[in-house]
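Structural overview for review
One letter stands for each residue in the lines below.
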Amino acid sequence: DAKTTQPPSMDCAEGRAANLPCNHSTISGNEYVYWYRQIHSQGPQYIIHGLKNNETNEMASLIITEDRKSSTLILPHATLRDTAVYYCIVRVGDTNAGKSTFGDGTTLTVKP
Amino acid sequence: NAGVTQTPKFQVLKTGQSMTLQCAQDMNHEYMSWYRQDPGMGLRLIHYSVGAGITDQGEVPNGYNVSRSTTEDFPLRLLSAAPSQTSVYFCASTSWSVGEAFFGQGTRLTVV
């Protein structure tokens, strides 16, 4: 699976959009981009994933660049409860489904 | 729907003791994984399974054994506990090749 690079930390004002970047310059054509978050020491929680098209769900939007070498997770109206560690991972959608590799993620702090 | 259940939630072991961390999922997922998370770090993959009877090693498999006799259960065995195995252990299951991973709430293990 391709390696990802994320900034170690970011701040965001409550009510504003949080834009979390992820670099995956070695991504292959059949690798998906996934985002998870971990609040305190709970188990990670799935947010969203995509292959090459932008995706949106009730939690967030995922913007993937045309060359697929980077992506951005957007939390449109961040709240204090969105303070968490956010992980960007890439993996092939086959039997490697159970083999996701997590990096250190980005610690997002939402401030009042 | 319980999702992914890990037991115990907390455990203290003495060096050299053995134990089994239990993981069960009730979603009929094919893929299951074990991760460890050391303080301030991301998740590292220990072992994973693509189905009953099939397991493989992840990034940090030494000192751990797994088996997958049923779809539902994926226990992690510590053969001879060491202080370096003090960590939080997370189990995850994934429904299909591009599906999201569901995580348990973790087992906090301390080896003294």
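To be clear, the structure that these remarks concern was listed above.
Here goes a summary of the coordinates provided. (Residues numbered from 1 in each chain as written. Chains lettered and ligands numbered in written order. Predicted model: local features only at pLDDT ≥ 70, side-chain atom pairs only at ≥ 80, totals over all residues. Heavy atoms only, no water.)

Here we look at the overall build of chain B
A count of helices and strands for chain B gives 0 helices and 11 strands. Written out in order from the N terminus, the α and β elements of chain B read β-β-β-β-β-β-β-β-β-β-β. At 13 Å, chain B has a C-alpha radius of gyration in line with the 13 Å of a compact globule built from 112 residues. Judged by the C-alpha coordinates and their principal axes, chain B covers about 40 × 25 × 25 Å. In chain B, which comprises 112 residues, the proportion classed as buried is 47%. Taking as baseline every contact in chain B between residues at least 6 positions apart, the subset at least 24 positions apart corresponds to 53%. Chain B carries 7 positive and 8 negative side-chain charges, and their two centres are separated by 13 Å. (Helix = DSSP H or I, 4+ residues; strand = E, 2+ residues; numbered from the N terminus. Rg over C-alpha atoms; globule rule 2.2 N^0.38 Å. Buried < 20%, exposed > 50% of the residue type's maximum accessible area, 1.4 Å probe, protein only. Contact = heavy atoms within 4.5 Å. Lys, Arg positive; Asp, Glu negative; His and termini not counted. Charge placed at Lys NZ, Arg CZ, Asp CG, Glu CD.)

Re the packing of aromatic side chains
Counted according to the given criterion, the structure contains 10 aromatic pairs over all chains. On the basis of an interplanar angle of 50 degrees and a centroid distance of 6.4 Å, the ring pair of Tyr32(A) and Tyr34(A) is categorised as tilted. The exposure classification of Tyr32(A) matches that of Tyr34(A), with both residues buried. Arranged with centres 6.1 Å apart and planes meeting at 80 degrees, the rings of Tyr36(A) and Phe103(B) form a pair that is edge-to-face. Remark: Phe103(B) occurs in strand S10 (residues 101-103) and Tyr36(A) occurs in strand S3 (residues 31-38); the pair is interchain, linking two chains. For the pair shown, Tyr36(A) and Phe103(B) are each scored as buried. Cluster of aromatic residues (ring-pair linked, three or more members): Tyr32(A), Tyr34(A), Tyr36(A), Tyr46(A), Tyr87(A), Phe102(A), Tyr35(B) and Phe103(B). Note that Arg68(B) overlies the ring of Phe74(B), its terminal NZ or CZ placed 6.0 Å from the centroid. (Phe/Tyr/Trp six-rings, centres within 6.5 Å; stacked < 30°, edge-to-face > 60°. Lys NZ or Arg CZ within 6 Å of the ring centre and 35° of its normal.)

Considerations on the interface of chain A and chain B
Each side of the interface is counted separately: chain A has 25 residues, and chain B has 23 residues. Interface area for chain A against chain B, summed over the two sides, is near 1,800 Å², with a carbon-plus-sulfur share of 53%. Counting every contact that joins chain A to chain B gives 0 salt bridges. For the side of chain A that touches chain B, the elements supplying multiple residues, two or more each, are S3, strand S4 (45-50) and strand S8 (84-92) of chain A. Per element, the largest residue contribution to the side of chain A that touches chain B is 4 residues, and it comes from S3(A). When grouped by side-chain class, the residues that make up the side of chain A that touches chain B number 9 nonpolar, 12 polar and 4 charged. (Buried area = accessible area lost by both parts, 1.4 Å probe. Salt bridge = Lys/Arg side-chain N within 4 Å of Asp/Glu carboxyl O. Nonpolar A, V, L, I, M, F, W, Y, C, P; charged D, E, K, R; others polar.)

Quick notes on unusual backbone geometry
In this chain, Thr7(B) is followed by Pro8(B) through a cis amide linkage whose omega measures -5 degrees. Look at Arg68(A): it is not a glycine, yet its phi comes out positive at around 65 degrees. The topology assignment puts Arg68(A) in the loop between strand S6 (61-64) and strand S7 (70-75). The backbone of Asn28(B) shows a phi angle near 60 degrees, a positive value even though the residue is not glycine. Mapping Asn28(B) onto the fold places it in the loop between strand S3 (19-25) and strand S4 (31-37).

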